Amino acid sequence: ETGRLALYLLGLRATCPPPDPGSQRSLVTWLKHHLEEDWAGSRRHGHPLTSYYQYSLGVLALCAHRKRVREEVIRRLLEAEHHHKFRHAGGSAVDTEAVAVLAFTCLERERLVRSRLAAELRAARRRVRRRMVEEQHPNGFFGNVYSTPWAMQVFIASKMCQIQTVYGQAMAALLKNLDAFTITATMAQVLPVLYGRSYLDIASMHCQEESGTLTPISPEPLPEMLGTMMVRLVVECSLPRCAQHRLYDQLVPAPAGASLLDVLRAAAAQEPHDFTFDTQETPQGPFLISVLGLEAQQRKRSYWQLLTDSNTSLQMGVAEYRPQDGDTIILRLSEW
């Protein structure tokens, strides 16, 4: 619940609700409780029960509400950044590093930490920004399309977006790929960036000056595509728990333009019905949690990785990604 409650509190602060200190105070107390539970429940593992991403979101949300955070809580994130614990095997740490740096910047800007700790937070910010510049992909992204807005918020918050050429390259890449942001949670990450804002601006909002002119919009329906496509679906297990590496390899017919989630459903409907899967609803859309009866377990730090046949990780979830005819999609049980 750490990350979900943190996002809710950030959203609540951004909507400028009528003053009701009692209910907000209760939510803040719950978030502090979850931060402690998140860490205490996994002390022997050396990492939060959820993830450093959610843990950082919790600190950022508390700061946005101008609530002090215990120094020990902040130092856990500092130590993780210093020892490169944000980065998991085979993946990028851009989004986690960016959220942590936004939290660090907020704590210093709101003067919620002592001067010595503030100096350490500034040093961590510089290290992360330097890594982001060095590791930007040729396509302009920091990590992938979804972690890029987080990274760009770091440059906005530090007022360095105008002097960093990497920022302009990232913005150009984002503008070419806005159709990837179709879920409310991902839209909430990219919209502030398009207006030159970061989540830190939530903490300094003057609600009495907000005009409240937001109006709902209806997204345009996707063009209807006719015909059938064939997608090769492969399931692999790279963990010792599996007796063999490749567990499934079949061609799956699906309607042209179908999402990966539709392809999985088509595979499950195929005779002899030997393909099974399960998803869990999250703020970012359906999340693949089980394939062929093998569950991705957070306590074992395992997850179902989505890749193409070139071993490239997909940049969208199962509901957003739309394979093309002849594509190969690999579902691989991996560790993070």
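As the structure is a computational prediction, the values presented were derived from the model and not from experiment.

## Quick look at the packing of helix α7 (residues 148-157) against helix α8 (residues 165-176)
Put simply, α7 and α8 touch, their axes get as near as 11 Å, and they point 145° apart. α8 is crossed by α7, and the crossing has left-handed handedness. Along the contact surface, α7 presents T148, P149, M152, F155 and I156, while α8 presents V166, Y167, A170, M171 and L174. Residue composition of the contact of α7 with α8, grouped by class: nine nonpolar, one polar and no charged.

## Observations concerning the sheet that holds strand β6 (residues 302-308)
If you trace the four strands from one edge of the open sheet to the other, you get β2-β1-β7-β6, paired in mixed fashion. Two strands in the sheet have a free side with no partner beyond their single neighbour: β2 (246-255) and β6. Averaged over all adjacent pairs, the angle separating strand axes in this sheet is 20°, with direction ignored. Bridge count between strand β1 (residues 228-237) and strand β7 (residues 328-335): six bridges; the pairing is parallel. Directly across from R232, in β7, lies its bridge partner T328. Helix-sheet contacts for helix α11 (residues 260-269) involve β1, β2, β6 and β7, and the interaxial angle to β2 is about 110°.

## A few points about the pattern of salt bridges
Going through the model one piece at a time under the given rule, you end up with 19 salt bridges. The residue E97 makes a salt bridge to R131 at a minimum N-O spacing of 2.9 Å. Of this pair, E97 sits in helix α5 (residues 94-109) while R131 is found in helix α6 (residues 115-135), placing the two residues 34 residues apart along the sequence. Judged on exposure class, the residue E97 and its partner R131 are both buried. What emerges from the salt-bridge pattern is a single network uniting R232, E236, R246, D249 and R332.

## Topic: helix α3 (residues 52-64)
The end-to-end C-alpha distance of α3 is 18 Å, a good match for the 18 Å that 13 residues give at a rise of 1.5 Å each. Of all 13 residues making up α3, twelve are buried, and the element is well covered by its neighbours.

## Quick word on unusual backbone geometry
Cis geometry marks the peptide bond from E271 to P272, where omega comes out at 5°. Among the secondary structure elements, P272 is positioned in the loop between α11 and β3 (277-282). At R111, a residue that is not glycine, the phi angle is positive and equals roughly 55°. As for its position among the elements, R111 is in the loop between α5 and α6. Assessed through its relative accessible area of 70%, R111 is described here as exposed.

## Things to note about the environment of F141
Tracing the backbone through its elements, the reader meets F141 in the loop between α6 and α7. Separated by 26 residues in sequence, F141 and Y167 place their C-alpha atoms 9.5 Å apart. In this structure, F141 is in contact with Q136, T148, A173, L174, N177 and Q315, ignoring residues within four places of it in sequence.

## What to know about the nonpolar core
Nonpolar side chains in soluble globular proteins tend to be buried together. Within the largest apolar cluster, 71 residues are counted, with the highest numbers of intra-cluster contacts made by L107, M132 and F142. Residues contacting F142, with those up to four places away along its chain left out, are V94, M132, Q136, S147, T148, A151, M152, F155, V166 and A170. Counting 29 residues, the second-largest nonpolar core is a separate cluster that includes V291, L314, V318 and L333.

## Some remarks on the sheet that holds strand β5 (residues 294-295)
An order of β3-β4-β5 is seen for the three strands of this open sheet, with the pairing classed as antiparallel. Of all strands in the sheet, those with a lone pairing partner are β3 and β5, marking the two edges. Relative to β5, strand β4 (residues 285-291) runs antiparallel, the two sharing two bridges. Paired with S290 across the bridge in β5 is E295. Packed on one face of the sheet, α11 meets β3 and β4 and runs near 150° to β3.

Reading guide: rules and limits
- Residues numbered from 1 in each chain as written.
- Predicted model: local features only at pLDDT ≥ 70, side-chain atom pairs only at ≥ 80, totals over all residues.
- Heavy atoms only, no water.
- Axes fitted to C-alpha atoms, helices over the stretch in contact; angles between N-to-C directions.
- Helix = DSSP H or I, 4+ residues; strand = E, 2+ residues; numbered from the N terminus.
- Left-handed = near helix turned anticlockwise from the far one by under 90°.
- Contact = heavy atoms within 4.5 Å.
- Nonpolar A, V, L, I, M, F, W, Y, C, P; charged D, E, K, R; others polar.
- Pairing = 2+ DSSP bridges.
- Salt bridge = Lys/Arg side-chain N within 4 Å of Asp/Glu carboxyl O.
- Buried < 20%, exposed > 50% of the residue type's maximum accessible area, 1.4 Å probe, protein only.
- Expected span 1.5 Å × (residues − 1).
- Core = buried A, V, L, I, M, F, W, Y, C linked by side-chain atoms within 4.5 Å.

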